[in-house]
Amino acid sequence: MNFLIMAGQLILGLSILVLIHEAGHFLAARMFGIRVDKFYLFFDAWGWSLFKFKKGDTEYGIGWLPLGGYCKIAGMVDESMDKEQMKQAPQEYEYRSKPAWQRLIVIAAGVVLNLITGIVIFALLIFNQEKAYLSNEEVNKVGIYASSLARDLGFENGDRILSVNGKEIERFKDAQGFSVIFGSDITVDRHGEKKTIQVPKNAYKKLTNIGMRIFEPYYYPLIIDTVIPNLPAAKAGLDKGDRIIGLDSVTIKSFGDFREGIVNAKNKKVNITFLRNKDTLTRLVLIDSTGYVGLLASSPYNFKPYTFINSFYYGSKDAFEMISANAKGLGKIFTGEEKASESVQGPIGIASIYGNEWIWSRFWYITAMISLILAFMNILPIPGLDGGHIMFTLYEIITRHKPSDKFLEYSQMVGMFLLMALMVFAVGNDLFRLFK
């Protein structure tokens, strides 16, 4: 059942994104009077399809091979490798007969729609799910909680973040993102003195081991606001209003101290010491494998509501930060800083990210993330991808010399071979991880 839920989310998410991407090509082609012969979700390999119908000049359908989809544009050298059509004299309704600037728009339209889709989903999730954000100004009333990694780099509890890479930030969340953990300069106020501390480019590697972000807004006393029933804290008898002051032999001065201590105590029994009214009590608590205790702390902060307008601003900001992170990650694979076997994921890996529970907010977040990754990957200047077509079209615009159809055919074949090899590697990598 869990597998079916993961597979269902993967198929639905990718189907939505494929339809949106190909709709971009389709609509742009029709806008310039270019005929579209086929519009398919999934591939109708060897001419087999699950469903199809024809309207006008276009055949619409669903193929049997769920590896994406395609939009067959008349007079274009693409994955269909329709050499017979290319041998005939160009027609006015064909892609190859149109000006280079129009062809450029047709090719880029799919990537643009994937980018817009990612931004819109992020924005709507921010507006409808997050609803409000914690400002950096609010956190600076008491300062940050520095994780063990941050302390190793020279940060201290209570530091107030002034800027990231020379820019002031509004949301505290932006001091925790990819732009920080992939290398940055953080300027802080420490007891009235400004200090700039450098976060190295490999900081992200160490974060997975500490179970926390590099900075947390948890530098305040841990007074319990809510105890979730049937979880370790409730079973141990902790209650609302209790103030936690100790974890085994460690003094707990802030919620951050407690979070860090709990993360390091997974699958262990720990003594939690707390104040209840005037009494000091201790309870033995079994921490589960996730490091989750089941309590919520009272927060001293006031949150700012997102407006519909600024949710799109922050949605765009988060989207481009996601793309930047993927670009940096790809660069690390090519430079050898990261292993492809540890970074590249295929369908099984992506399905596992969706998870074995169908939670709509998570489904849409991951779908938006994949949409942005597809936009980034598709724009790479590799034959067989949209970026390859864009590269050749830009070459034509700059040099006023169009590559021959034969050259484009061979380039397409090389690109398709590379993409198939990458797919085989990704699926094999998934299976290796699964059995391992």
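Scroll up to find the structure this text is about.
1. So, the pairing of strand 1 (residues 36–43)
Thinking step 1. Counting buried residues along strand 1, 6 of its 8 residues qualify, which places the element largely inside the surrounding structure.
Thinking step 2. Both strand 1 and strand 4 (residues 65–73) contribute to a ladder of 6 bridges, which runs antiparallel. Within strand 4, the position partnered with K38 by the bridge is K72.
Thinking step 3. Bridging between strand 1 and strand 3 (residues 58–63) involves 4 bridges; their strand directions are parallel. Within strand 3, the position partnered with K38 by the bridge is E59.

2. Brief notes about the packing of helix 3 (residues 100–130) against helix 14 (residues 386–399)
Thinking step 1. At a closest axis distance of 9 Å, the pairing of helix 3 and helix 14 adopts a crossing angle of 160°. Comparing the axis directions of helix 3 and helix 14 gives the class roughly antiparallel. Where helix 3 crosses over helix 14, the two elements pack in a sense that is left-handed. Here A100, R103, L104, I107, A108 and V111 of helix 3 come into contact with helix 14, specifically with D386, H389, I390, T393, L394, E396 and I397.
Thinking step 2. Split by residue class, the contact of helix 3 with helix 14 holds 8 nonpolar, 2 polar and 3 charged.

3. Examining the packing of helix 10 (residues 308–335) against helix 13 (residues 360–378)
Thinking step 1. Relative to each other, helix 10 and helix 13 sit at 55°, their axes nearing to 9 Å. With respect to helix 13, the axis of helix 10 lies oblique. Between helix 10 and helix 13 lies a crossing whose hand is right-handed. Residues A319, M322, I323, N326, A327 and L330 of helix 10 pack against Y365, M369, L372, I373 and F376 of helix 13.
Thinking step 2. Within the contact of helix 10 with helix 13, the residues separate by chemical class into 10 nonpolar, 1 polar and no charged.

4. So, the nonpolar core
Thinking step 1. If you look at the biggest cluster of nonpolar residues, it comprises 51 residues, and the most contacted ones within it are I161, F215, I244 and F258.
Thinking step 2. Dropping the residues within four chain positions of it, I161 is found in contact with N136, N140, I144, I169, F172, A175, I186, T187, V188 and F215.
Thinking step 3. Counting 19 residues, the second largest nonpolar core, distinct from the first, contains I119, M322, Y354 and L385.

5. Thoughts on helix 1 (residues 2–31)
Thinking step 1. Here helix 1 contains 30 residues, and its C-alpha end-to-end distance of 43 Å stays within 8% of the 44 Å for a straight helix at 1.5 Å per residue.
Thinking step 2. The positive-phi residue at the C-terminal boundary of helix 1 is G33, with phi of around 75°.

The rules behind the values
- Residues numbered from 1 in each chain as written.
- Predicted model: local features only at pLDDT ≥ 70, side-chain atom pairs only at ≥ 80, totals over all residues.
- Heavy atoms only, no water.
- Buried < 20%, exposed > 50% of the residue type's maximum accessible area, 1.4 Å probe, protein only.
- Helix = DSSP H or I, 4+ residues; strand = E, 2+ residues; numbered from the N terminus.
- Pairing = 2+ DSSP bridges.
- Axes fitted to C-alpha atoms, helices over the stretch in contact; angles between N-to-C directions.
- Parallel < 35°, antiparallel > 145°, perpendicular 65-115°, else oblique.
- Left-handed = near helix turned anticlockwise from the far one by under 90°.
- Contact = heavy atoms within 4.5 Å.
- Nonpolar A, V, L, I, M, F, W, Y, C, P; charged D, E, K, R; others polar.
- Core = buried A, V, L, I, M, F, W, Y, C linked by side-chain atoms within 4.5 Å.
- Expected span 1.5 Å × (residues − 1).

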